[in-house]
Amino acid sequence: MYTQANERKVFKESLRYMIKASEYAHALHMTDHGPLHAQRVYAICRWLGTLFSLTDYESAILQAAALLHDIGMASTDRANHNIESEKLIISNAETGSLPFSKDEALLIGKLCRWHRGDDYKRDCIEFCEGSEVRVGLLASILRLSDELDLDYRRTYFNSSEDMEITKKYKTDQIQYHESVLSILGVRVRADKLSKCFELLIDNIAGAKLQIERLIKEILGTPLPFPIKILPTKKELVDPPSFGTPRKALICAYCNPHGIVTAVLSRISLKLAGIEAEIVCNKDKTASAGAFWNEIKSLPLANYELAYFIDLHIESRNIEPIKEILSINHNCKVFISGATLTSSPYVKELIEYGATVLLGDEHVLFYADFLTQNMPFWIRVAGTCNVDNHVVQKIGNKDVYHTTTGIKYLLFKHFKDNDDTIINTIIENIENNNIQYFMDTSHKFDEEISSLPIYFEKFGRVLLIKYNKDLKGRFIYEWVIDAIMLNKCLPYEEFEFTTPYAIYPIHSLDGKPLRVLYLSYFKNSNKTLPIKCFCNKLLTSVGNDNTIWNTYTSKEEALSDINEVIKRINMEYGIETPEVVNI
């Protein structure tokens, strides 16, 4: 029976075909039909699936289909690529290239065939390997997920000015590039009464083509998702005034993405006449577990709205959260976060009264419309997240340097224990003072590079020694810096020599030992993320390029680390000695 433990083979086959599909699409001046498209559809299926109580087997089948749905694009018969995908899945399962039984290959092939065309059966239910599979439902989710990959990341252009050659030779493709460039992102807003897709639009006229395609796809499935447009408004009227002040509370995980998302939410609430207080600092929101432990002490009854951003929810936290939802009926609670997109608690949170925002990290702020400055900051929010390469599209140096400037200031907040820095960040984002962050950008790289780092090489993997002085979110940049120090391989398109890293964090005061598994690539669309090699534990946190696992003993961690190192190096045909100590 196929499980996600066998997903590495599926990921590998997807890359093999999707790299070729990307080359064909690029030659024809089409929008992205390569590995990153397949991986974004995979991510969308993951967060849409949380709303439908899928079984583990259904989730595994759906996500396999998401990775493989467009492999037929590598053929010359692009018009029937869905049928070609089905044929390839069945034949590759027979040869062992794909880890599916005969029945599973037929089922996953059917899902890929049904992601396009009108012949799919919406209410189809089949049995496979002894399990009931709602094939029609999975096909509907896959069809919508494919269509929902419709924002600016879908094109390799950054503006219409970049399209000069395409305008000259393939004018019919310009409309597709311009349409996706006009869309900033899409998310699901779900509460007890309804669910809808929210499209964040920079240019309504330009986005028309993709909006019409999405409406057509929604009407062709039985899934009840109306569309709400969140447009960018160039001119705004003064917010409404109320006799009694309206107040909101925003609590965000203390990292760059959390603070940017919190400030965008506060700007939107202010335009609705609601004054929002932001709680985002190293003492209160640098640990999600500690924050949720203190959740009962928050005076939510004093607020009209509360929004919790990027604060990971574990099994031990869910009961306190449900309790505050059940006793604070007058406070509307919103929850979002990267790990929520694969959380088993989404339906429970909704049932107890929370409004949940599901989507990629760059669009998880509270808003009913966008100001003219928000498109820039939405791209910054996406760039903040180093652990999800699917979200990022760094094609603008101002976005990159602004992001790095925010990271530097937060680094100083942790290092100097200075809470005024948080207020400085908030004020400069609210005032759209991009230059302020750009001027400090270079200091972040200097700070990270100055931190001592010691590691051992085990083939393509770095095992990094614990540094007790490094705190907070900046572990990622520190580990990535170590990967970049180890140069590149010309014969692998200048990929990093050691694109994988493992960083054990020693347990303190009897707490369990945590280990970060991380991957970072120059060519993220051509490589296997670290998740493909990690054992998925009940305590696992993370998605693709960063996985945190927690262990009860050093011996358990060491065994798992050796297993991951062995799997990675076997992929490259390398034998390495075992790690004997961490």
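Now for a look at the structure at hand.

Analysis parameters
Residues numbered from 1 in each chain as written. Predicted model: local features only at pLDDT ≥ 70, side-chain atom pairs only at ≥ 80, totals over all residues. Heavy atoms only, no water. Phe/Tyr/Trp six-rings, centres within 6.5 Å; stacked < 30°, edge-to-face > 60°. Buried < 20%, exposed > 50% of the residue type's maximum accessible area, 1.4 Å probe, protein only. Helix = DSSP H or I, 4+ residues; strand = E, 2+ residues; numbered from the N terminus. Contact = heavy atoms within 4.5 Å. Expected span 1.5 Å × (residues − 1). Pairing = 2+ DSSP bridges. Core = buried A, V, L, I, M, F, W, Y, C linked by side-chain atoms within 4.5 Å. Axes fitted to C-alpha atoms, helices over the stretch in contact; angles between N-to-C directions. Parallel < 35°, antiparallel > 145°, perpendicular 65-115°, else oblique. Left-handed = near helix turned anticlockwise from the far one by under 90°.

## Some words on the packing of aromatic side chains
This model, assessed by the stated rule, comprises 24 aromatic pairs. Between Y436 and F437, the aromatic rings sit 5.6 Å apart at their centres with planes inclined by 80 degrees, giving edge-to-face as the arrangement. Judged by its relative accessible area of 0%, F437 falls in the buried class. Site record: aromatic cluster; members linked through ring pairs are F376, W377, Y436 and F437.

## Here we look at the environment of M484
Relative to the assigned elements, M484 resides in helix α18 (residues 475–485). Judged by relative accessible area, which is 44%, M484 ranks as partly exposed. Once the C-alpha coordinates of M484 and F521 are considered, the two residues, 37 residues apart in sequence, prove to be 9.1 Å apart. Look past the residues within four positions of M484 in its chain and what remains in contact with it is F496 and Y520.

## Some remarks on the environment of V479
Its place among the elements puts V479 in helix α18. Judged by its relative accessible area of 1%, V479 is buried. Along the backbone, V479 and N373 are 106 residues apart, and their C-alpha atoms lie at a distance of 33 Å. In this structure, V479 is in contact with I464, A501, Y503, L516 and L518, ignoring residues within four places of it in sequence.

## Things to note about helix α6 (residues 135–148)
Taking 1.5 Å of rise per residue, 14 residues should cover 20 Å, and α6 covers 20 Å from first to last C-alpha, within 8% of that figure. Summarising burial for α6: 14 of the 14 residues are buried, a large majority.

## Brief notes about the sheet that holds strand β13 (residues 461–464)
The strand order β12-β13-β16-β17-β19-β18 describes an open sheet built from six strands, whose pairing is mixed. Every interior strand has two partners, whereas the edge strands, β12 (455–458) and β18 (541–542), have only one.

## Re the nonpolar core
Judged by nonpolar contacts, the single largest core of 118 residues is most densely connected at L48, F100, F197, F308, L349 and Y517. Top element by residues in this core is helix α3 (residues 56–68). It accounts for nine residues. Membership of the second largest hydrophobic core comes to 73 residues, among which are Y307, L364, F411 and W478.

## Regarding helix α1 (residues 7–27)
For α1, with 21 residues, the first-to-last C-alpha span of 30 Å sits near the 30 Å given by 1.5 Å per residue. Within α1, burial applies to E7, V10, F11, E13, S14, L15, Y17, M18, A21 and A25. Looking at the packing, one finds that the buried side of α1 touches α2 (35–49), α3 and α4 (81–95).

## A word on the packing of α2 against α3
Two measures define how a pair of helices packs: the angle their axes make with one another and the distance between the axes. Here α2 crosses α3 at 155 degrees, and the two axes come no closer than 7 Å. With respect to α3, the axis of α2 lies roughly antiparallel. When you trace α2 past α3, the crossing you get is right-handed. Taken together, the residues of α3 that come into contact with α2 (itself represented by A38, Q39, V41, Y42, C45 and R46) are L62, Q63, A66 and L67.

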